[in-house]
Amino acid sequence: MPELPEVETTRRGIEPHVKGRSISRITVRDSRLRWPIPESLPAWAEDQKILRVERRSKYLLIVLERGTMLVHLGMSGSLRVLLDDPTPSKHDHVDVELDNGIRLRYNDPRRFGAWLYTEAPVDEHSLIEKLGPEPLTDAFNFDYFYPLTRKRKTKIKTFVMDAHVVVGVGNIYANEALFMSGIHPHKLVGKITKAETTLLIENIKKVLAHAIEQGGTTLKDFVGGDGKPGYFAQSLNVYGRTGLPCFTCETPIKELRTNNRGTFYCSVCQSSR
């Protein structure tokens, strides 16, 4: 699934091409996404100018003059900038054609993504209003995070992946940040020390920022807005490395399941529960 760095990479890739341009037409070839694309979306967006492209959690926010389109890439979606009009493929579900001939093309083989819109302030949208702070902002800090961990029996990996606590820390980056912090992924969040909390916050920010710099992580389907893959996969310490030696101590990386998700860790470098 495209996570925060992949979505931010896409945002940075498409915004220079679309900012300030007007939407000439939106073509919806298949509206059957996670939530059906509203039939009124194309007519509502037509002739509106794109003011900017923002990101909130894993949602791309295409801000128009009279509202905002919310785009989610789902598990396998991509949003690419096309300078011409190649024949759409089977999974090219949405085209946004701009007044200069450039188009955004949304491809989503599994159709778990979303194209929605709102005319109200986007922070009031039901998908946005209860989200936690952005991890790369000052709002995600010790004074915010540590009190939330007290007297909790949730596993720390599950906790940092909860979008109500902090957004955008997906499975790949939770594994990596916990390894960098020396914390076992199944340690109960209520037992996390102040020092561990400070280090974990620092490493969540560090691993996400580095992934963005590398253009995201290519594992299966992800490409950025320019169609190029990300390269952060080359920097992974534990994710997907079951049985391979830890880069620090050479102990084989172990794997277990957390909420039906793969969890990767070093039994030596990451402290016991």
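No experiment lies behind these values; they were computed from the predicted model shown. (Residues numbered from 1 in each chain as written. Predicted model: local features only at pLDDT ≥ 70, side-chain atom pairs only at ≥ 80, totals over all residues. Heavy atoms only, no water.)

In total, this model carries 20 salt bridges according to the counting rule given. Of the charged contacts, one joins Arg-21 and Asp-99 as a salt bridge, the two residues approaching to 2.9 Å between their closest N and O atoms. Separated by 78 residues along the polypeptide, Arg-21 in the loop between α1 (4-18) and β1 (23-28) and Asp-99 in the loop between β6 (92-98) and β7 (103-107) bring together distant segments of the chain. Looking at Arg-21, the relative accessible area reads 29%, which means it is partly exposed. Through salt bridges that share partners, Arg-25, Arg-29, Asp-85, Asp-92, Asp-95, Glu-97, Arg-103 and Arg-105 make up one connected network. (Salt bridge = Lys/Arg side-chain N within 4 Å of Asp/Glu carboxyl O. Helix = DSSP H or I, 4+ residues; strand = E, 2+ residues; numbered from the N terminus. Buried < 20%, exposed > 50% of the residue type's maximum accessible area, 1.4 Å probe, protein only.)

A few words on the environment of Arg-29. Within the element layout of this structure, Arg-29 appears in the loop between β1 and α2 (41-45). Spatially, the C-alpha atoms of Arg-29 and Ser-235 are 38 Å apart, while their sequence positions differ by 206 residues. When sequence neighbours within four positions are dropped, the list of residues in contact with Arg-29 reads Pro-88, Asp-92, His-93, Val-94, Asp-95 and Arg-105. From its side chain, Arg-29 meets the backbone oxygen of Asp-92 in a polar contact 3.1 Å long. There is a polar contact of 2.9 Å between the side chain of Arg-29 and the side chain of Asp-95. (Contact = heavy atoms within 4.5 Å. Polar contact = N/O pair within 3.5 Å; in protein donor to acceptor, adjacent residues only side chain to side chain.)

Structural measurements only, silent on function.
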